[in-house]
Amino acid sequence: MRSVSHDHFGEPADVLQTVAAEALAPTAGEVLLRLVLSPIHHHDLWTIRGSYGVRPELPAVPGSEAVAIVEQLGTGVDSVAVGDRVAVTGVPGAWAELFIAPADALLPLPAELPDDAAAQLVAMPFSAVALLEHLDLASGEALVQNAATGAVGRLVAQFARARGLRVISLVRRSSGIEELAAQGIDDVIATDQEDWEEQAREMIGDAHVAAGLDSVGGDAAGQVMSLLGQGGRLVVFGAMGGSTMALPSGPIIFRNLTVEGFWGARVSAEMNPEVRHRLLTEIVTRVLAGEVTLPAAGTFALDEVVDAVAATLTDGRQGKVLLRP
């Protein structure tokens, strides 16, 4: 079979290659999956660079989410059958024609869900709904977020709207306002406009901004924090723009603000199974109803992984870049 691989950490364009490899046989409780589509997430790229929360043993096959077909069952597996189409996330090695996954990590899929949505059904949508669940906003409270054109940002806005919650979204470019409006997302402000903060406060009105989401870092984290109300929480779950946040101490002290981290993988692993099932059901239901969208920005073969990474890192990209066998 063919797989993407890297034998040292570094920039994905420099270290990734597509190689021939032996397919593994599933052991007890595992299944062998045949790849249909796998998205390129930013956490996949951070893992390849060696800067994510976990570092795989090298050489490693990247990729962590996919839609795939069950090819072979390990001993004791009866929850799926050969030929079933499933979604899987949190499993390393998805950028390969064939890969192994635990049977209990598989999510059977409804036939009406298209492959490009199924491929990205869990990781980013689950992070979005888990964030909203974690924040537990009360009626009349509002949420501010940056990186609103990113996958999680778009999904937070869409799930929040479906749940009847108010979200103020910050984008770096004025063109981002139109991009989000095309997906039915409003209350968006571009920080490249000189009066962006005035616009934001007018938009917020009398609402209490109880929480802010930062996935950029650097000065952008301070922009979100500037809009928090008394006792507000700045929740950090990414650092796309810089690993060090620029936060003035005054607002933290005088408005009694708190800063906390959120790592979706850990939250998911520690979540009550009933809550996890409820959130996954909400994701599938809202995607099928069209309340939440999962667009794709392009599809590349495994042999074209370097071009696919370049497409992923392109400004203004709308949707996930997907890999196919």
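The coordinates are above.
Residues numbered from 1 in each chain as written. Predicted model: local features only at pLDDT ≥ 70, side-chain atom pairs only at ≥ 80, totals over all residues. Heavy atoms only, no water.

1. Some details on the overall build of the chain
Assigned secondary structure in the chain consists of 12 helices and 15 strands. A globule of 325 residues ought to have a C-alpha radius of gyration of about 20 Å, and the chain, at 20 Å, matches this closely. Based on the C-alpha atoms only, the size of the chain along its principal axes is roughly 60 × 40 × 35 Å. Within the chain, buried positions represent 49% of all 325 residues. (Helix = DSSP H or I, 4+ residues; strand = E, 2+ residues; numbered from the N terminus. Rg over C-alpha atoms; globule rule 2.2 N^0.38 Å. Buried < 20%, exposed > 50% of the residue type's maximum accessible area, 1.4 Å probe, protein only.)

2. With respect to unusual backbone geometry
In this model, L58 is joined to P59 through a cis peptide bond whose omega is -5°. Along the chain, P59 turns up in the loop between α2 (42–49) and β4 (65–73). The backbone phi angle of D187 is positive, close to 55°, even though this residue is not glycine. The phi dihedral of N256 is positive, around 55°, even though this residue is not glycine.

3. Here's the deal with the side chain of K320
For K320, the location among the structural elements is in strand β15 (residues 320–324). Contact partners of K320, with chain neighbours within four places excluded, come to P39, I40, H41, H42, Q120, M124, A151, P295, A296, A297 and G298. (Contact = heavy atoms within 4.5 Å.)

4. A short note on the pairing of strand β8 (residues 141–145)
Looking along a regular strand, one sees the side chains alternate between the two faces of the sheet. For β8, the tally of buried residues reaches 4 of 5 residues, placing the bulk of the element in the interior. Direction of pairing for β8 relative to strand β11 (residues 208–214): parallel, over a ladder of 5 bridges. The residue bridging E141 from the neighbouring strand is H208, located in β11. Summarising the sheet, β8 and strand β9 (residues 166–171) pair through 4 bridges and their orientation is parallel. Following the sheet pairing, A142 is matched in β9 by R166. Traced from β8 through helix α5 (residues 151–162) to β9, the parallel crossover comes out right-handed. (Pairing = 2+ DSSP bridges. Right-handed = clockwise from strand over helix to strand, strands pointing away.)

5. Comments concerning the pattern of salt bridges
Counted according to the given criterion, the structure contains 13 salt bridges. Between R49 and E11 there is a salt bridge, with the nearest N and O atoms lying 3.0 Å from each other. With a gap of 38 residues between them, R49 in helix α2 and E11 in the loop between β1 (2–5) and α1 (12–15) connect regions that are remote in the sequence. Relative accessible area serves as the criterion here: at 25%, R49 is assigned to the partly exposed category. In this structure, R233 and E260 form a salt bridge, with 3.1 Å as the shortest nitrogen-oxygen distance. Taken together, the residues R233 in strand β12 (residues 233–236) and E260 in strand β13 (residues 258–261) connect sequence positions 27 residues apart. Exposure remark for E260: the relative accessible area of 22% places this residue in the partly exposed category. Overlapping salt bridges bring together E133, R163, R278, E282, R286 and E291 as one network. (Salt bridge = Lys/Arg side-chain N within 4 Å of Asp/Glu carboxyl O.)

6. Examining helix α11 (residues 273–289)
Taking 1.5 Å per residue as the helical rise, α11 with its 17 residues ought to reach 24 Å, and the 24 Å between its terminal C-alpha atoms agrees with that figure. Three or more residues of α11 are buried, namely L279, L280, E282, I283, V284, R286 and V287. Residues of α11 that are buried sit in contact with α4 (123–135) and α5. Residue N272 occupies the N-cap position of α11, its side-chain oxygen lying 2.7 Å from the main-chain nitrogen of E274. G290 sits one or two residues past α11 and shows a positive phi near 80°. (Expected span 1.5 Å × (residues − 1). Polar contact = N/O pair within 3.5 Å; in protein donor to acceptor, adjacent residues only side chain to side chain.)

7. Regarding helix α8 (residues 218–226)
Since one α-helical turn is 3.6 residues long, residues separated by three or four positions face the same way. In terms of residue burial, α8 counts as a mostly covered element, since 7 of its 9 residues are buried. By the burial criterion, the buried members of α8 are G218, A220, A221, G222, V224, M225 and S226. Packing partners of the buried residues in α8 comprise β8, β9, α7 (196–204), β11, β12 and α9 (249–254).

8. Quick look at the nonpolar core
Among the nonpolar cores identified, the biggest contains 42 residues, and L121, F126, L143, V156, F159 and I283 are the most heavily contacted of them. Those elements that place two or more of their residues in this core are α3 (115–118), α4, α5, β11 and α11. Here this core gets 9 residues from one element, more than from any other, and that element is α4. Other than its neighbours up to four places away in sequence, L143 contacts L132, L135, L137, V156, R166, V167, I168, A211, G212 and L213. Of all hydrophobic cores here, the second largest spans 30 residues; its members include L45, W95, V305 and V309. (Core = buried A, V, L, I, M, F, W, Y, C linked by side-chain atoms within 4.5 Å.)

9. Focus: the packing of aromatic side chains
On inspection of all chains with the given rule, the structure shows 2 aromatic pairs. Joined through ring pairs, the aromatic side chains of W46, Y52 and W263 make up one cluster. The aromatic ring of F126 is capped on one face by R276, whose charged end is 5.0 Å from the ring centroid. (Phe/Tyr/Trp six-rings, centres within 6.5 Å; stacked < 30°, edge-to-face > 60°. Lys NZ or Arg CZ within 6 Å of the ring centre and 35° of its normal.)

10. So, a negative patch on the surface
Together, E194, D195, E198 and E202 make up a negatively charged patch on the protein surface. Tracing the chain through its elements places E198 in helix α7. Under the relative-accessibility criterion, E198 is labelled exposed at 55%. (Patch = residues over 30% accessible without salt bridge, like charges linked within 9 Å, V, L, I, M, F, W, Y side chains within 5 Å. Areas by Shrake-Rupley, 256 points an atom, 1.4 Å probe, with all protein chains shown as cover. Lys, Arg positive; Asp, Glu negative; His and termini not counted. Charge placed at Lys NZ, Arg CZ, Asp CG, Glu CD.)

Coordinates in, geometry out; function isn't part of it.
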